[in-house]
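Chain residues, written in single-letter form:
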Amino acid sequence: YTGNFHEGLLHGEGRYEWSDGTVYDGQWFMSAINGKGKYMWPDGSWYEGELEDGMRHGQGTFCRPDQDNFALYEGGFSHGRRHGEGTLYYTDDRSSFYEGHWVNGLRHGQGTIVYESGNTY
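Small disclaimer: the values here were computed from a predicted structure and weren't measured. Chains are numbered independently. Their residues run from 1 in the order of the written sequence. Only residues with pLDDT of 70 or above have their local features reported here, since the model is predicted, and side-chain atom pairs are shown and tallied only from 80 upward, although totals for entire chains, interfaces and linings are computed over all residues. Calculated side-chain values reflect all of the structure's heavy atoms, with hydrogen atoms and water omitted.

Student: Run through the overall build of the protein chain, naming residues and quoting values.
Tutor: Secondary structure elements are taken from DSSP: a helix is a run of H or I of four residues or more, a strand is a run of E of two residues or more, and numbering for both begins at the N terminus. Check the secondary structure of the protein chain and you find 0 helices and 10 strands. Looking at the protein chain as a whole, 34% of its 121 residues are labelled buried. Two residues qualify as a contact provided that any one of their heavy atoms is within 4.5 Å of a heavy atom in the partner residue. Here the analysis covers contacts within the protein chain between residues at least 6 apart in sequence; of these, 5% occur between residues at least 24 apart. Looking at the protein chain as shown, the accessible area adds up to about 7300 Å², and 47% of this sits on carbon and sulfur atoms. Side-chain charges in the protein chain split into 9 positive and 18 negative, and the spacing between the mean points of these groups amounts to 4 Å. Only protein chains enter the accessibility calculation, which uses a 1.4 Å probe. A residue is then buried if its area is under 20% of the maximum for its type, exposed if over 50%, and partly exposed in between. For the area figures, the Shrake-Rupley method with a 1.4 Å probe applies, and any residue is considered shielded solely by the protein chains shown. For the charge count, each Lys or Arg is scored as positive and each Asp or Glu as negative, with His and the chain ends excluded. Throughout, a charge is located at the NZ atom of Lys, the CZ atom of Arg, the CG atom of Asp or the CD atom of Glu.

Shown next, in the form of structure tokens:
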């Protein structure tokens, strides 16, 4: 850990690197990841946005740049899952996506799906 401390606790801005290569760079509150920050994983995936107790919570962006399984989500999160309004892009050129409402990580309620072919549902 490199960053600020308060009364011996990780507090304020800081960067933590795990032995597996995962990195978190952002805000800490009394040794808990809280506020805004960015996670970066060894596979190239990343998340940037709001966090609560180390979990995606609030507004943020998650990206998995894997060529075979690309995903980019921009929107709301609750306790680590997609929740509220958000857009999930299935292709890196953003030509295929779902835009709408999410509940506990699942599409739920109003939304629109657009496929690479241009078909819209």
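Student: Residues and numbers for the pattern of salt bridges, please.
Tutor: Throughout this description, the term salt bridge denotes a Lys or Arg side-chain nitrogen within 4 Å of a carboxyl oxygen of Asp or Glu. Counting across every chain of the model gives 3 salt bridges. Put simply, Arg-15 and Glu-17 hold a salt bridge, and the shortest N to O gap is 3.1 Å. Accessibility expressed as a relative area gives 32% for Arg-15, which makes it partly exposed. Notably, a salt bridge pairs Arg-15 with Asp-25, separated by 3.4 Å at the nearest N-O pair.

Student: Describe the pairing of strand 1 (residues 2-6), listing the residues and the values that go with them.
Tutor: Note on pairing: DSSP must find at least two bridges between two strands before they are called paired. With 4 bridges joining them, strand 1 and strand 2 (residues 9-17) adopt antiparallel strand pairing. Its bridge partner lying in strand 2, Thr-2 is registered against Arg-15. The hairpin turn running from strand 1 into strand 2, its antiparallel successor, is 2 residues long, and Glu-7 in that turn takes a positive phi close to 50°.

Functional significance is not addressed by these values, which are geometric in nature.
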